[in-house]
Amino acid sequence: MAVVNGGFKGVFIFFNVLFGIAGVLILGLGIFGHAFYHPSEGLEHKMSGVLFLYLIGGPTLALSILGIYGAYKEKKWALIVFFTGMVLGSIGLLLISITVSVGMPMAIQGIEKVLYDSIPLDEARSDIQMMFNKLQPELKCCGAFNGYQDWGKHVPDSCLCSSDADRCEKINGSQSALDNDPGVFVDVSKNLVYKEPCVPIVISYMQTAFNTILGICIGFAVLAFIGMVISMTMICQIRRRSSPVTFRMDPSPPYTVLHNAMEA
């Protein structure tokens with residue numbers, strides 16, 4: 001016999017279906033990112049993002065399935081496990097949100113300081129030079145903060161630009177390419193390089209990623225709170241209706257025995 005209101009149960013099941021779809025989408029993004037991850041490229045930070053998607057999507061899908069089962073079958077233990085998972089999940093998401101909010105400005109400030117101290121880039125560490133040589137053609141930028149001038153007197157080929165007037169600018173003065181002999185200056189005043197620096201673009205992508213993570217965490221925390229309220233309400237309904245209070249109008253056996261003994 002059903003003890004939970006049918007409409008209330010339907011709302012809860014619909015909520016968990018949406019919750020499960022979100023979990024599937026997050027898992028799909030994780031699988032998609034994992035498919036393009038290659039350890040040989042040294043992109044360990046991408047793998048950490050994939051693991052984050054797995055850690056969010058997997059439990060979300062599992063809890064949604066458990067919630068649907070508990071509501072449909074009216075199983076109190078399943079709803080209790082669902083409620084506990086929602087509590088732990090909301091706490092974890094709120095902690096992640098706080099960490100992201102506090103850590104984002106510090107991370108950006110730290111990156112800016114490291115890169116600012118590396119100018120001129122032609123004298124920076126080899127790993128920093130390799131990073132910029134990879135970013136510049138992909139992001140269509142040159143230098144860190146001040147364009148090609150951050151490279152000192154050695155502008156790399158990765159800064160070279162096409163004839164796109166909106167993105168390019170001419171190099172003024174004598175420069176030399178990193179691929180050439182550092183002691184030989186080559187006149188490349190007619191060459192075009194990307195005029196936009198790379199660090200603002202990278203920071204913009206970082207802020208977008210941080211804001212996306214923050215929005216996902218806060219959104220899921222709100223959904224988890226709603227799930228907690230609905231599941232606890234259903235648990236209370238099942239507990240109340242599965243153990244009703246009954247009243248007996250007829251006398252109990254002890255009183256009947258005592259009455260018979262007095263008559264004797």
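Keep in mind that what you see is a predicted model, and the values were worked out from it rather than measured.

Q: Mind laying out the overall build of the protein, listing which residues take part and the relevant values?
A: A count of helical and extended segments in the protein gives six helices and two strands. When its helices and strands are written in sequence order, the protein yields α-α-α-α-β-β-α-α. Burial status across the protein gives 33% buried among its 264 residues. Excluding contacts between residues fewer than 6 apart, the proportion of contacts in the protein whose partners are at least 24 apart in sequence is 66%. Entry remark: accessible area of the protein is about 16300 Å², with carbon and sulfur atoms responsible for 67%.

Q: Go over the UniProt feature "transmembrane region" (unreviewed entry) in the protein with me, naming the residues and quoting the values.
A: Annotation from UniProt places "transmembrane region" (unreviewed entry) at residues 12-37, 49-71, 77-103 and 213-235. Helix makes up 100% of residues 77-103 and strand 0%, and the two end C-alpha atoms of the span are 38 Å apart. Between the C-alpha atoms that bound residues 213-235 there is a distance of 32 Å. The span itself is 100% helix and 0% strand.

Q: Could you give an account of the state of the cysteines, with specific residues and numbers?
A: Considering all chains together, one arrives at three disulfides under this definition. What pairs with Cys141 in a disulfide is Cys198, and their sulfur atoms sit 2.0 Å apart. Its torsion about the S-S bond being 100°, the disulfide of Cys141 and Cys198 is classed as right-handed. Linking Cys141 in the loop between helix H4 (126-139) and strand E1 (168-170) with Cys198 in helix H5 (residues 198-242), this pair joins segments that are 57 residues apart in sequence. Cys198 matches Cys141 in its accessibility class, with the two residues each being buried. One disulfide bridge connects Cys161 with Cys168, the sulfur atoms lying 1.7 Å from each other. Every disulfide takes its handedness from the sign of the S-S torsion; for Cys161 and Cys168 that torsion is -45°, giving left-handed. The buried category is assigned to Cys161, whose relative accessible area is 15%. Given the relative accessible area of 8%, Cys168 is considered buried. Numbered by position along the chain, the disulfide-linked cysteines of the protein connect as 1-6, 2-3, 4-5.

Q: Now, about the packing of aromatic side chains: what can you tell me, with residues and values included?
A: One pass over the structure, following the stated rule, counts five aromatic pairs. Measuring from centroid to centroid gives 6.3 Å for Phe132 and Trp151, while their planes differ by 85°, and the two rings are edge-to-face. Remark: Trp151 occurs in the loop between H4 and E1 and Phe132 occurs in helix H4; sequence separation between them is 19 residues. Comparing Phe132 with Trp151, the two get one shared label, buried.

Q: An account of the side chain of Ser158 is needed here, citing residue identities and associated values.
A: Relative to the helices and strands, Ser158 is located in the loop between H4 and E1. On the basis of relative accessibility, which here comes to 13%, the residue Ser158 falls in the buried class. Among the polar contacts listed, one links the side chain of Ser158 to the side chain of Asn133, at a separation of 2.7 Å. Other than its neighbours up to four places away in sequence, Ser158 contacts Phe132, Asn133, Gln136, Pro137 and Tyr194.

Q: Now, about the pattern of salt bridges: what can you tell me, with residues and values included?
A: Evaluation of the coordinates by the stated rule reveals three salt bridges. Two residues, Glu74 and Lys9, come together in a salt bridge whose shortest N-O distance is 2.9 Å. Placement of the pair is Glu74 in the loop between helix H2 (44-73) and helix H3 (76-117) and Lys9 in helix H1 (residues 6-35), with a sequence separation of 65 residues. Accessibility expressed as a relative area gives 15% for Glu74, which makes it buried.

Q: A description of the nonpolar core should follow, citing residues and the corresponding values.
A: Most often, soluble globular proteins keep nonpolar side chains buried together rather than apart. Ranked by internal contacts, the top residues of the largest apolar core, which has 25 residues, are Phe132, Trp151 and Val155. For this core, the secondary structure elements donating two or more residues are H3, H4, strand E2 (192-194) and H5. It is H5 that contributes the most residues to this core, five residues altogether. Not counting chain neighbours up to four residues away, the residues in contact with Phe132 comprise Leu115, Leu121, Pro137, Gly143, Ala144, Trp151, Ser158, Cys198 and Val199. Core analysis: the next-biggest nonpolar cluster, separate from the first, contains 20 residues, Cys217, Phe220, Ala221 and Ile235 among them.

Procedures and definitions
- Residues numbered from 1 in each chain as written.
- Predicted model: local features only at pLDDT ≥ 70, side-chain atom pairs only at ≥ 80, totals over all residues.
- Heavy atoms only, no water.
- Helix = DSSP H or I, 4+ residues; strand = E, 2+ residues; numbered from the N terminus.
- Buried < 20%, exposed > 50% of the residue type's maximum accessible area, 1.4 Å probe, protein only.
- Contact = heavy atoms within 4.5 Å.
- Areas by Shrake-Rupley, 256 points an atom, 1.4 Å probe, with all protein chains shown as cover.
- UniProt positions renumbered as here; feature names shortened; annotations may be inferred.
- Disulfide = S-S within 2.5 Å.
- Phe/Tyr/Trp six-rings, centres within 6.5 Å; stacked < 30°, edge-to-face > 60°.
- Polar contact = N/O pair within 3.5 Å; in protein donor to acceptor, adjacent residues only side chain to side chain.
- Salt bridge = Lys/Arg side-chain N within 4 Å of Asp/Glu carboxyl O.
- Core = buried A, V, L, I, M, F, W, Y, C linked by side-chain atoms within 4.5 Å.

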